[in-house]
2 protein chains.
Amino acid sequence: MKFSIQRDRLIQSVQDVMKAISTRTTIPILTGIKIVATNEGVTLTGSDSDVSIESFIPKEEDGDELVEIHSTGGIVLQAKFFGEIVKKLPMDTVEMEVINQFQTVIRSGKAEFNLNGLDPEEYPHLPQISEENIIRIPTDILKNVIRQTVFAVSASETRPILTGVNWQLEGNKISCIATDSHRLAKRSAEVETTGDLQYNIVIPGKSLNELSKILDDTNEPVEIVITQNQILFKAKHLLFFSRLLEGNYPDTSRLIPSESKTELIINTKEFLQAIDRASLLAREGRNPNVVKLSTLSSGVIEISSNTPEVGKVVEQVQSNSIEGEDLKISFSAKYMMDALKALEGLEIKINFTGAMRPFIIHPMNDESIIQLILPVRTY
Amino acid sequence: MKFSIQRDRLIQSVQDVMKAISTRTTIPILTGIKIVATNEGVTLTGSDSDVSIESFIPKEEDGDELVEIHSTGGIVLQAKFFGEIVKKLPMDTVEMEVINQFQTVIRSGKAEFNLNGLDPEEYPHLPQISEENIIRIPTDILKNVIRQTVFAVSASETRPILTGVNWQLEGNKISCIATDSHRLAKRSAEVETTGDLQYNIVIPGKSLNELSKILDDTNEPVEIVITQNQILFKAKHLLFFSRLLEGNYPDTSRLIPSESKTELIINTKEFLQAIDRASLLAREGRNPNVVKLSTLSSGVIEISSNTPEVGKVVEQVQSNSIEGEDLKISFSAKYMMDALKALEGLEIKINFTGAMRPFIIHPMNDESIIQLILPVRTY
C-alpha cells in the first residue's frame, strides 16, 4: 500500500471513524483504524462492534485530486496515535506507505513517522446488508428527529430497551419514541421508501447521538437499510452501522392523554427562562429539581420553588391564554427544560389533565412532535 | 441594606471574587460572598483565607449611574447560588434588599428570589496592610511576568517552597524565578517604587494564576504592597490579597551556566512544532515524553523519538546557525514546549554545555527572560 492524500480530508475522515472507536474494547484490533487503498480511493473504518463507521475518500472529487494511489493494500494503525499524528503534520499532503511486514511510514514535509501496524485481514468484517428495501429521509430532518427524541432515553441499564429510541415505520410515516418512564418524547416525519415497508425497531440512543454528530447539515437524503439486528445509514462517502436493541419496546400509545382539563398557551423562551431561574434554588432538599406551576387570574401563571435551607423563588409569567380548570402542579425542571429546548417555534401549548396526571407539550399548530412529562407529588 | 445595581457590573464583580472562593473550605462562612453597601457604592468580597479578593462597584463611573443606594448595610450570601442567580436574572437592573434578620430579597423584572444570608459581622477581616512602600508595574507587563514563570513551579508538595514563585526586588528591578528542580524560568522587569526597597519573597503559584485571570489587559499600573506574610495587588476597583509562602527559597543563581559549548539559533515556531510532533510517540516506555536532539552538518538538527512498542519519528529542521561542538542530547518534550511557549520573538538562542548539563534558552537579543532545562540521561 502506498498513496499520497490531502491532509484535511484525511483528518476529517479520521475524526469521523474515531467516533466509533472505544479505548475500552476487549478486542485489541478495534483500538485501530483500518485503512484500505483501492484504485478508487482510500477507505477508513472504525468500530466498537456495536457501531461501525466507514468513511471513503475518492481519488477525485469536483475536479480536485484528493488521493494519488501508487499501490493498493491495507493496514490497521493505532487510532490514538494515528489521529494525533495526522492533525499535527506540517504539510498539506501526507504520504503513507506500508513497508516490510506491517511497518507503516507516514511522511509530510521533513517529518517521518514509522508506526507499527496490524494485519488488516484480522480486522472484523462489517455486517453484510442487502440493500433491497431503502428508506430515504433528508439529513437535516433526520438530525432533528434524533435531537428531539434521543435526550429522553433512559440513562439507566435497569430496563435496557429504554436506552434506545423506538422507530415505527408504516407506509411513508416514521414515528420515533423515547421514554425513561418519567417523560416521553415522540416525533413523526415523512419518509420515502422503495416499497410498502413496515418496521418496529429500537436503536441505541448512543448510536443515534454519534450518528447525529458526524452527519453534515445538509438536506441531501440519508439512505437507511434495516435488517433483523442491524441498521445502516448511508450518507455521502459515509456508512454508519449500528446494532439494534433486542426485546419488545413497551406500548406507549395509551400513555398519551387525549383529553385536556387545562390548556396553557405561552411564549416558549419566557417560560423556559422562568423555569430555569426557579430551578436554581431547587437543587437540594426532599424534591430535588422540582418546580411548581400555579395558574393565577387574568392569564398569569406563577412559577416557584422552595428549599427551606437555601431560600425560595417566585416569578409570574403572563401567558397568551389559559383555558379550563385552575391548576397547581409540580414537575422536574430538568425534564421541562429538556422538552422545551427540543421543541421549535415561538409559542407552545401545554395540555394538563389534573395535578397527578401526565401532561403534554407541543408547538402551536404542529402535531408532529409531542413531549410528555409525569408530574411529581409534593406535600 | 437596599440598593439597585446594574446587572452586568454585578456579574463581573461576582465572577472576580468567586475566584478566591473554594467549596472545600473548613470555614463555612467563606463559601459566601460578602456584600457591603456604603454611600460610595457596593463592595463584594470572596476569600479562601489564602487569597482574598475585593471588588468595588462605585455609585457612578464616567457619568453612568451604576448603583443607587437606598440604605447602607451588609450581608453574606452563598456564592454558588448567588453567582448563578445574578447570571440568569431577566432584566438589566437588580434590586437587593435585606429584610428581617438576614433574609435577602433579590428582584429583577417579575422574578423574586428570597435567600437565607449570614451575618456580615462574622465574616473574617481582610489583612490590614499599611501602604507606605508601593511598587508599581504596568498590568500587561505583570501578566507577562506571571505567564513566563508560573508554569515552572512544582506541582508536588514535597518541597512546598517550590510551589511558589520567588520575587527578588532590588532598586528598580524585580527578578521572578520558578523551578520544580527539573527546569527553571526566570524573568526580570523594571518597576517603579516609592523608596529604596528590597524584598525576597515567595508567592504561591496558585495565587498568581488567579490574579492573572482577573486582571484586565491594560497598561494601567498595578500597585503592589508587601508585608511580612502578605502581598496586596491593587488595580482599578480591585484588591487582591495573597499570603506568602514561609521558608527560604533555594539560591538558584549558581544553577544557570555562564559558559556555552554549543550555540543553536533557530526559528521558535518551527522548532516548537517539530518537538510537538516528536513527542506524539514519546508518551510511553522507559523515558516518557523524552525527545532527542542531534546536530547534523550544514546547520541542520534532527529531532527524534522512539518507543519500540509504538514506532519512531524523525524530523530534520534547518537552524539559522549552529556554533561550537557537535551534540546529542535528550530532554522532556513537555518542558521544552512549556519554555518555548513562554518566550516571545521569532527566533530563540539555546546554549548547551554538554549532553549532561542544564541548558538555557532565551529570545534573541533579550536577556530579561531565561528558561533552563535539565537534560534526561538515555541509554
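Keep in mind that this is a model prediction, so the values were computed, not measured.

A surface patch of like charges, here negative, comprises A:Glu60, A:Asp62, A:Asp64, A:Glu65 and A:Glu68. Mapped onto the fold, A:Glu60 is located in strand S5 (residues 60-61).

Let us look at the UniProt feature "domain: DNA polymerase III beta sliding clamp central" (unreviewed entry) in chain A. Feature annotation in UniProt places "domain: DNA polymerase III beta sliding clamp central" (unreviewed entry) on residues 137-251 of chain A, given in this structure's numbering. Taken end to end, residues 137-251 of chain A is 19% helix and 44% strand, and its first and last C-alpha atoms sit 25 Å apart.

So, on to the relation of the copies chain A and chain B. After a rotation of 180° and a shift along the axis of 0.0 Å, chain A superposes on chain B with an RMSD of 0.0 Å. The operation mapping one copy onto its partner corresponds to a two-fold rotation axis. The residues that chain A uses at the interface reappear at the interface of chain B in 100% of cases, marking a shared surface.

Attention now goes to the packing of aromatic side chains. The full count for this structure, using the stated rule, is eight aromatic pairs over all chains. Aromatic pair A:Phe233 and A:Phe240: ring centres 6.1 Å apart, planes at 70°, arrangement edge-to-face. Judged by relative accessible area, which is 2%, A:Phe233 ranks as buried. Summarising the aromatic geometry, the rings of B:Phe352 and B:Phe359 are spaced 4.9 Å apart at their centres and angled 40° between planes, so their arrangement reads as tilted. The same class applies to B:Phe352 and to B:Phe359, which are both buried. In this structure an aromatic cluster arises from ring pairing among A:Trp167, A:Phe233 and A:Phe240.

On to the sheet that holds strand S22 (residues 290-295) of chain A, then. What the nine strands build is an open sheet, ordered S26(A)-S22(A)-S23(A)-S24(A)-S11(B)-S10(B)-S9(B)-S1(B)-S7(B); its pairing is antiparallel. What marks the edges here is a single partner per strand, and that holds for strand S26 (328-332) of chain A together with strand S7 (67-71) of chain B. In this sheet, adjacent strand axes meet at a mean angle of 15° when their direction is disregarded. Pairing of strand S1 (residues 2-6) of chain B with S7(B), which is carried by four bridges, proceeds in the antiparallel orientation.

If you look at the interface, chain A gives 29 residues, while chain B gives 29 residues. Where chain A meets chain B, there are two salt bridges. Linking A:Asp276 and B:Lys88 is a salt bridge whose minimum nitrogen-to-oxygen distance equals 2.9 Å. At the surface where chain A touches chain B, the tally comes to 14 residue pairs in polar contact (both at pLDDT 80 or more). Residue assignment for the side of chain A that touches chain B shows that the elements contributing at least two residues are helix H2 (79-88), strand S11 (111-116), helix H5 (268-279) and strand S24 (311-318) of chain A.

Our focus in this paragraph is H5(A). Along its twelve residues, H5(A) runs 16 Å from first to last C-alpha, staying within 8% of the 16 Å computed at 1.5 Å per residue. Of the positions making up H5(A), those classed as buried are A:Thr268, A:Phe271, A:Leu272, A:Ala274, A:Ile275, A:Arg277, A:Ala278 and A:Ser279.

To continue, consider the side chain of B:Asn166. All names here are of chain B. By the element assignment, Asn 166 lies in strand S13 (residues 164-170). Overall, Asn 166 belongs to the buried group, its relative accessible area being 1%. Only 2.8 Å separates the side chain of Asn 166 from the side chain of Gln 168, close enough to count as a polar contact. A polar atom in the side chain of Asn 166 sits 3.0 Å from the backbone oxygen of Ile 201. Setting aside anything within four residues of it in sequence, one finds Asn 166 in contact with Ser 175, Cys 176, Ile 177, Asn 200, Ile 201, Val 202 and Tyr 249.

Residue and element names in this part refer to chain B. Most of strand S3 (residues 41-47) is tucked away: seven of the seven residues are buried. Bridge count between strand S2 (residues 32-37) and S3: four bridges; the pairing is antiparallel. Residue pairing across strands places Ala 37 opposite Val 42, the latter belonging to S3. Linking S2 to S3, which pair antiparallel, is a turn of three residues. Note that S3 and strand S4 (residues 51-58) share seven bridges and pair antiparallel.

The rules we used
- Residues numbered from 1 in each chain as written.
- Chains lettered and ligands numbered in written order.
- Predicted model: local features only at pLDDT ≥ 70, side-chain atom pairs only at ≥ 80, totals over all residues.
- Heavy atoms only, no water.
- Patch = residues over 30% accessible without salt bridge, like charges linked within 9 Å, V, L, I, M, F, W, Y side chains within 5 Å.
- Areas by Shrake-Rupley, 256 points an atom, 1.4 Å probe, with all protein chains shown as cover.
- Salt bridge = Lys/Arg side-chain N within 4 Å of Asp/Glu carboxyl O.
- Lys, Arg positive; Asp, Glu negative; His and termini not counted.
- Charge placed at Lys NZ, Arg CZ, Asp CG, Glu CD.
- Helix = DSSP H or I, 4+ residues; strand = E, 2+ residues; numbered from the N terminus.
- UniProt positions renumbered as here; feature names shortened; annotations may be inferred.
- Least-squares fit on C-alpha atoms with pLDDT ≥ 70 in both.
- Contact = heavy atoms within 4.5 Å.
- Phe/Tyr/Trp six-rings, centres within 6.5 Å; stacked < 30°, edge-to-face > 60°.
- Buried < 20%, exposed > 50% of the residue type's maximum accessible area, 1.4 Å probe, protein only.
- Pairing = 2+ DSSP bridges.
- Axes fitted to C-alpha atoms, helices over the stretch in contact; angles between N-to-C directions.
- Polar contact = N/O pair within 3.5 Å; in protein donor to acceptor, adjacent residues only side chain to side chain.
- Expected span 1.5 Å × (residues − 1).

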